[in-house]
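Here are the chains, one letter per residue:
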Amino acid sequence: MDKTLEFKKHTQQDKISIIVPCFNEEKALPKFYRAVSEAVAQIDGAECEFIFVDDGSSDRTPEILQEFSSADSRCRYLSFSRNFGKEAAMYAGLENASGDFCVFMDADLQHPPALLKEMYRVVKTQKYDCCAGLRIDRSGENHLRNALSHTFYKIIGKLCRLDMGDGKGDFRMMSRAMADSILELKEYNRYMKGIFSFVGFDTKWIPFHNVERAAGETKWSFRSLFRYAVDGILSFSSAPATMAGSAGILLIIAAVLAGICAVLFCDGLTGIPLLVCLILLLNGIQMVFISIIGQYVSKDYMESKRRPIYIVKKKGGF
Ligand code: UDP
Ligand code: MG
């Protein structure tokens, strides 16, 4: 029997699955567990389960999760064989969640547990399928990193035509229908912010101020953030291949203009002007063809992800 139905047979309450990716979070986890347990105790009409995913931690995270699950039947955990990354941890957590609603939360309490009650109220009583936290500032964080992130979200917004603005993170509570549709996207290179946007569904944003990590340190280095940013762009856009084509066309135009200038203002199209024109022209033509090949490769790459062609939110009269 379906896991959700089985649970509902015993209780009329909704179940909220709290999915927590954890990578070396031994310092933050006890605080997280305490704070979130207190927050969910305030929610009427719903119980919760914790799905912790230990993403190959080398500290005491697995032991702590084992202790949680022995002491509290609401706590379950998976331990990865190595570090697979937060995206993989979120996918594994969602795959193992049985709740009517699922919410992703970071283990460092940067996602305020106090918002859970309001999120549940919104997805339960309003027409929204998802209620997400919108971080409205980045106070207390590294300035260079903030500036780079801000630029990245501007670029990705323009390139991918999906709604992935700055501050729109993974902290969101969603309906079972939305969770299931996310699970249908089985691509290996995952970029969850893009996936949320891709699957659609109505989302309500609730603003919150940035909070500093409860304990421990951020797991992202500049290098890993850069890689993540490139992954994000490549997973949802073929714009870089198109850009190569635009650059090629500009080079061809430059070659033609240089040729005209050489004829009008120099001794005709000979010697160095001819050489410059030819270099510009040949490089331009090459760039255009590289872009065309890039478009084919990117189409094939997108096909290989086997994303659903459409996602149904509701059916009637069938
Ligand atoms: N995390 C993870 N695997 C990783 C990196 C991070 O599961 O490879 C988890 C981490 O334990 C935390 C969440 O993802 O619960 C967010 O990580 P972090 O706080 O380091 O990111 P930041 O808030 O600095 O963006
Ligand atoms: Mg954090």
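Here the structure is a predicted model, which is why all the values come from computation and not from measurement.

A few points about the packing of helix 4 (residues 86–95) against helix 7 (residues 176–183)
Helix 7 packs onto helix 4 with a crossing angle of 125° between their chain directions and a minimal axis gap of 10 Å. The orientation of helix 4 with respect to helix 7, classified from their angle, is oblique. Considering how the two elements wind past one another, helix 4 and helix 7 form a crossing that is left-handed. Contact residues: helix 4 offers Tyr91, Leu94 and Glu95, while helix 7 offers Ala179, Ile182 and Leu183. Split into classes, the residues belonging to the contact of helix 4 with helix 7 amount to five nonpolar, no polar and one charged.

Description of the nonpolar core
Counting residues in each nonpolar core, the largest one holds 34 residues, and the members touching the most others are Leu94, Phe104, Ile156, Met174, Met178, Ile182 and Tyr191. Broken down by secondary-structure element, the contributors of at least two residues to this core are strand 2 (46–54), helix 4, strand 4 (101–104), helix 6 (143–160), helix 7, helix 8 (192–199) and helix 9 (222–236). Of all the elements, helix 4 adds the most residues to this core, at five residues. Setting aside residues no more than four positions away along its own chain, isoleucine 182 makes contact with Tyr91, Leu94, Met174, Arg190, Met192, Ile195, Phe196 and Val199. Core analysis: the second largest hydrophobic core is formed by 33 residues, Cys48, Cys75, Phe171 and Ile206 among them.

What to know about helix 5 (residues 115–125)
Taken as a whole, helix 5 has its buried residues at Leu115, Leu116, Met119, Tyr120, Val122 and Val123. For helix 5, the arc enclosing every buried residue in end-on projection is 165°, short of the 170-degree limit, so these residues lie on one face.

Structural notes on the pattern of salt bridges
Here the structure, examined in full by the defined rule, presents 16 salt bridges. Residue aspartate 108 pairs with arginine 213 through a salt bridge whose shortest N-O separation is 3.4 Å. Here aspartate 108, found in the loop between strand 4 and helix 5, pairs with arginine 213, found in the loop between strand 7 (203–208) and helix 9; they are 105 residues apart in sequence, far enough to count as distant. Exposure remark for aspartate 108: the relative accessible area of 4% places this residue in the buried category. Salt bridges sharing partners connect three or more residues here, namely Glu25, Asp108, Arg213 and Lys219.

Some remarks on the pairing of strand 1 (residues 14–22)
Two faces belong to every sheet, and in a regular strand the side chains alternate between them. Counted residue by residue, strand 1 has nine buried out of nine residues, so it is predominantly covered. On strand 1, burial covers both faces: Asp14, Ile16, Ile18, Val20 and Cys22 on one face and Lys15, Ser17, Ile19 and Pro21 on the other are all buried. Regarding topology, helix 2 (residues 29–41) serves as the crossover connection from strand 1 to the parallel strand 2, and that connection is right-handed.

Let's talk about the site of ligand 1
Taken together, 17 residues sit near ligand 1, with Glu25, Asp55, Asp108, Thr218 and Lys219 positioned nearest. One of the side-chain nitrogen or oxygen atoms of asparagine 83 is found 3.2 Å away from an oxygen atom of ligand 1. The protein chains hide 90% of the 530 Å² of surface that ligand 1 would expose on its own. When its residues are assigned to classes, the shell around ligand 1 shows five nonpolar, four polar and eight charged.

Remarks on the packing of aromatic side chains
Inspection of the entire model under this criterion finds 12 aromatic pairs. Relative to phenylalanine 52, the ring of phenylalanine 50 lies with its centre 5.5 Å away and its plane at 0°, an arrangement referred to as stacked. Note on accessibility: phenylalanine 50 and phenylalanine 52 belong to one class, buried. With 5.7 Å between their ring centres and 85° between their planes, phenylalanine 101 and tyrosine 120 make a pair best called edge-to-face. Separated by 19 residues along the polypeptide, phenylalanine 101 in strand 4 and tyrosine 120 in helix 5 bring together distant segments of the chain. Take tyrosine 120: its relative accessible area is 7%, and that puts it in the buried class. Ring pairs connect the aromatic residues Phe32, Tyr33, Phe50, Phe52 and Phe68, which therefore count as one cluster.

Brief notes about the pairing of strand 6 (residues 168–175)
Within strand 6, seven of the eight residues are buried, which leaves the element mostly enclosed by the surrounding structure. As judged from the three bridges shared by strand 4 and strand 6, these two strands associate in the antiparallel manner. Residue pairing across strands places cysteine 102 opposite methionine 174, the latter belonging to strand 6. Two elements, strand 5 (residues 130–135) and strand 6, share four bridges in a ladder whose sense is antiparallel. Residue pairing for strand 6: cysteine 130 is matched across the bridge by methionine 174.

Section: the layout of surface pockets
Here the second largest pocket defines a volume of roughly 230 Å³. Phe198, Phe236, Met302, Glu303, Arg306, Arg307 and Ile309 are the residues that line the second largest pocket.

A short note on the side chain of asparagine 210
Looking at the secondary structure, you find asparagine 210 in the loop between strand 7 and helix 9. Overall, the relative accessible area of 9% leaves asparagine 210 in the buried class. Aside from chain neighbours lying at most four places away, what touches asparagine 210 is Gln110, Arg135, Asp137, Arg138, Ser139 and Glu141.

Here is what the cut-offs are and how they apply
Residues numbered from 1 in each chain as written. Chains lettered and ligands numbered in written order. Predicted model: local features only at pLDDT ≥ 70, side-chain atom pairs only at ≥ 80, totals over all residues. Heavy atoms only, no water. Axes fitted to C-alpha atoms, helices over the stretch in contact; angles between N-to-C directions. Helix = DSSP H or I, 4+ residues; strand = E, 2+ residues; numbered from the N terminus. Parallel < 35°, antiparallel > 145°, perpendicular 65-115°, else oblique. Left-handed = near helix turned anticlockwise from the far one by under 90°. Contact = heavy atoms within 4.5 Å. Nonpolar A, V, L, I, M, F, W, Y, C, P; charged D, E, K, R; others polar. Core = buried A, V, L, I, M, F, W, Y, C linked by side-chain atoms within 4.5 Å. Buried < 20%, exposed > 50% of the residue type's maximum accessible area, 1.4 Å probe, protein only. Arc of directions from axis to C-beta. Salt bridge = Lys/Arg side-chain N within 4 Å of Asp/Glu carboxyl O. Right-handed = clockwise from strand over helix to strand, strands pointing away. Near = heavy atom within 4 Å. Polar contact = N/O pair within 3.5 Å; in protein donor to acceptor, adjacent residues only side chain to side chain. Areas by Shrake-Rupley, 256 points an atom, 1.4 Å probe, with all protein chains shown as cover. Phe/Tyr/Trp six-rings, centres within 6.5 Å; stacked < 30°, edge-to-face > 60°. Pairing = 2+ DSSP bridges. 1 Å grid on protein atoms, 1.4 Å probe; cavity = no way out; pocket = protein on both sides within 12 Å on 5 of 7 lines; lining within 4 Å. Points joined across faces, edges and corners; volume = space filled by probe spheres on them.

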